Amino acid sequence: MSDFIQLALTQLTVPPGDLIYYIVLVFVIASALQSAFNHWRASEFPQARRAFIGLGILLGAQIFMFLFSGLGWQELVDPKAVLPPMDRAFLAFSIIWITWLYAFPEPNRRADAAATLLSMFIVTAMGLSLISWQQQMANPAAVTLSYNLTMDDFVWQIGSLVMALFGMAVLFIRKPDGMWYGIILLLLGFLGHTGQLLIGMEGDFSGIVRLAYMAAYPILLTLPQRFATVSAVETSIQSKPTILKQDTGGRPERRRYSTDPKTFHALLAVAAENNSTKMSQAITRAIAQTMLADLCFMIYLTDNNKQMVIAGGYDLIREDSLEGGSLSKNAIPMLANSIQRGRPLRLPASSTSADIKGLGDILGLTNPGHLLYVPILTPEKETLGGVLLLSPYSDRTWSAEDQAFLANIAASLVSIIQRNQKITKLEAQSDMARAQVVDLEGRIRDLNSQLEAARNEAERNKSTDIASLRAAQEESQGIIEQLQRENAELRAGKNLPSAQAEKELKATLQEVAILQNQLAEANIKLHGLEKGQIVTKSTEQAEVIASISQELRQPLSSIVGYTDLLLGESVGILGALQRKFVDRIKVSTERIRSLTDDMIQITTLATDLNTLNPEAVDLNTIIDNAMSYTSSQIREKNISIHLEVPKSLSLIHADREALQQIFIHLLQNAGAATPFEGTIRLKVQTQNEDGVEYILIQVTDKGGGIASEDIPRVFTRLYRADNVLIQGVGDTGVGLSIAKTLTEAQHGRIWVESEMGHGSIFSVLLPISGDKLADKQKRK
């Protein structure tokens, strides 16, 4: 090493040259600190705030060393006893915080904790080094001892090399913005420590190390500039639509907004008229077009502000609406904190930002760009959600003015979101109503099961009673015949003396009288059972079920009334989806009410058949009433009905109510069996058989057909709780059974024709004139 270089390096280690070293470092760090502060004030980025904090720590350390060096120069403290270990410790301390500044620009608790612990370790090592150095200086033979040649200095140099290498490795792995500036800075420090180990200059301070750091520290001036800043030109808000124009510097001024707030409020009024499903997409489209944002998303808080969801979004570049989804707090920690606390947030595009990476993964973007989030707050400062803007295509930075402009827009969204919350409450009420409907359906199924069991038991009991009475009657008749023969023998005086014969004759006659009375009673009971004049257990159960069914009508009527109230929008405006849900509730409730009516009708059917009142009936009126009755069920599945009815139809002689029920049950079965957006065909025609005119009614569905082995069970009372479902039949079994009973009670017949994979045709044949049919039956 030449004498000049040796002299220059020595001047950096002794007063007043060492003061120049500290002044240069302090000046560089202070300049970088001022730049970071200005950047923080202009952008409010958390990265700029962390840079300001880290540079403040470095500046404080260098000022501390500068003061101690000045005190040593003035010989107020012993510079040789204190400053050498402190110099090595503060160099290692600086390496730690330089690595922290460049490698972790975004908030990172683990990195913060690690930097703090390492700093405390360096302070502890400095204390031990001071004690060791004091002990070495206490030795009289070590008056001329150089700290550069001690084992303490060797350990400090090796430790600084290791920390510099570790810092460069962390920067290379994390790849933050501006990582090469940090790597070059640490590399210069690494070369300085390596030179000291190789050359081993005498003295208490290393001139090579100080020269290296004097060359490296100016790189800190690039630290605050790693992230984009908002220029003065971009921060000017254009209150009206503008075009690109030239400023005084000859640069084109970028257009920031496309409309003024009044125009945007008008757009929101239009968006407020849309249904809730498309409302979020309409709002995000209006905001994206107003703010000229590449991507805009509406974020809502649900589940007591614990869950965050993206309700919808809009891509301005592709002019396409975006679907929503859920957000994970762990993927976007800073954004999640801002959303829950109701605070705005601006983040620059950063390769190490957990929020930027998390949004990229959620939205499928390689680089989401710069971020701007503004909360939506009620007048009571309650957080409803917020608006999120991203610029992955234009790389547009967001200024404080952009934030203020968007906050003004967000305030006008409060009424729309609160309206959505009211709709959500209505949906919850609809869910409760549907749950009540499901519960009622279960109760009806249980009642059907009980009714079927009661009927089966009653039939078994009835058969057993009749058989027992007949057996008792036959036994009694045999005994009476035997007694009559014995009586005849006694009268003839064949076997006994006259006195004894007379006595036995009286006893026999008394026994015959008793048996004849018992036989008469048995005949009366048998006749009563056969004619249905005795009230059996099944009749009592049927009356109970009919009574319960009557009680079910009241809550069903309440549900229908409330659904009509909701559909009338007297308690709030319904969106298309909510109206569809309420319509379904009404259809299901009317279906249950229909099943309840079927239950009442089936329990009273035997009595009603005796009160049929045939009269001249217009089939057109019957068809209109039946279609009106089943319209809700048909409309719910968007089914089309094709009518094939002659222009002129003869009046049919039948019971009006029974004929009405036949049509209703056939149409209800076809509606339940036919799939969504299917077709039902109702055909009516006349035909003549053996001089008697009939009306043929045919209802065709597209339910997929009925298997041949199931056709015999179609018109039985199936009661689904105890029987296997019949594929292709939509009815519960009760309706078709009632239709069959009513048809046969009016001298008609009903049958079904089916083809698997296509559908079924239910046919009803009824006589037009009851008189002609009666004459035909008399002739037979």
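Further up the page is the structure itself.
Just so you know, these numbers come straight off a predicted model, no measurement behind them.

Re the sheet that holds strand S11 (residues 640–644)
- The strand order across the open sheet built from five strands is S11-S13-S14-S16-S15, with neighbouring strands paired in mixed fashion. Sheet topology places S11 and strand S15 (749–755) at the edges, where each strand pairs with a single neighbour. Taking each pair of neighbouring strands and ignoring which way they run, the sheet shows an average axis angle of 20 degrees.
- Along the sheet face, helix H21 (residues 656–673) touches strand S13 (679–689), strand S14 (692–701), S15 and strand S16 (759–767) and points at about 25 degrees away from the line of S14.
- Lying on the sheet, helix H22 (residues 734–745) is in contact with S15 and S16; it crosses S15 at an angle near 135 degrees.

Thoughts on the packing of aromatic side chains
- Inspection of every chain in the model, using the stated rule, returns eleven aromatic pairs.
- Residues phenylalanine 37 and tryptophan 40 carry aromatic rings whose centres are separated by 6.4 Å and whose planes lie at 80 degrees to one another, so their mutual orientation is edge-to-face. Here the residue phenylalanine 37 and the residue tryptophan 40 both occupy positions in helix H2 (residues 17–43), the gap between them amounting to three residues, near one helical turn.
- For tryptophan 40, a relative accessible area of 26% puts it in the partly exposed group.
- Put simply, the rings of Phe64, Phe90, Phe93, Trp97 and Trp100 touch in pairs and so form one group of aromatic residues.
- One Lys or Arg, lysine 175, reaches over the ring of phenylalanine 172 and ends 4.4 Å from the middle of that ring.
- The cationic tip of arginine 210 hangs over the ring face of phenylalanine 205; the distance from NZ or CZ to the ring centre is 4.6 Å.

Overview of the pairing of strand S4 (residues 307–315)
- Pairing of strand S3 (residues 295–302) with S4 involves eight bridges; the strand directions are antiparallel. The partner of phenylalanine 297 across the bridge, within S4, is glycine 313.
- Where S4 lies against strand S6 (residues 325–327), three bridges are found, and the strand directions are antiparallel. Bridge pairing in S6 places isoleucine 310 opposite glycine 325.

A word on the pattern of salt bridges
- As enumerated under the stated definition, the model contains ten salt bridges in all.
- When the shortest N-O distance is used, the salt bridge between aspartate 87 and arginine 210 registers 3.3 Å. On the criterion of sequence distance, the pair formed by aspartate 87 in helix H4 (residues 79–103) and arginine 210 in helix H8 (residues 207–216) is long-range, its members being 123 residues apart. Side by side, aspartate 87 and arginine 210 carry an identical accessibility label, which is buried.
- Residue arginine 656 is joined to glutamate 615 by a salt bridge in which the shortest nitrogen-to-oxygen separation is 3.7 Å. Residue arginine 656 is located in helix H21, and its partner glutamate 615 is located in strand S10 (residues 614–617); the two are separated by 41 residues in the primary sequence.

Basis of the calculations
- Residue indices begin from 1 for each chain and proceed along its sequence in written order.
- The predicted origin of the model limits local features to residues at a pLDDT of at least 70 and limits the giving and counting of side-chain atom pairs to 80 or more, whereas totals for whole chains, interfaces and linings rest on all residues.
- Water and hydrogen atoms play no part in the side-chain values, which are based on all heavy atoms of the structure.
- When DSSP finds two or more bridges between a pair of strands, those strands are recorded as paired.
- Helix numbers and strand numbers start at the N terminus; a helix is a DSSP run of H or I with at least 4 residues, a strand a run of E with at least 2.
- Only the stretch in contact is used when fitting a helix axis, every axis being a line fitted to C-alpha atoms; angles between N-to-C directions are given from 0 to 180 degrees.
- The contact definition used throughout considers only heavy atoms, calling two residues in contact when any of these lie within 4.5 Å.
- In summary, the pairing rule links any two rings of Phe, Tyr or Trp, Trp by its six-membered ring, whose centres are within 6.5 Å, and it sorts them by plane angle into stacked for under 30 degrees, edge-to-face for over 60 and tilted for everything else.
- Partly exposed describes any residue whose relative accessible area lies between the buried limit of under 20% and the exposed limit of over 50%, with all areas from a 1.4 Å probe on protein chains only and scaled to the type maximum.
- Two thresholds decide whether a charge sits over a ring: the Lys NZ or Arg CZ must be within 6 Å of the ring centre and within 35 degrees of the ring normal.
- Any carboxyl oxygen of Asp or Glu within 4 Å of a side-chain nitrogen of Lys or Arg constitutes a salt bridge here.

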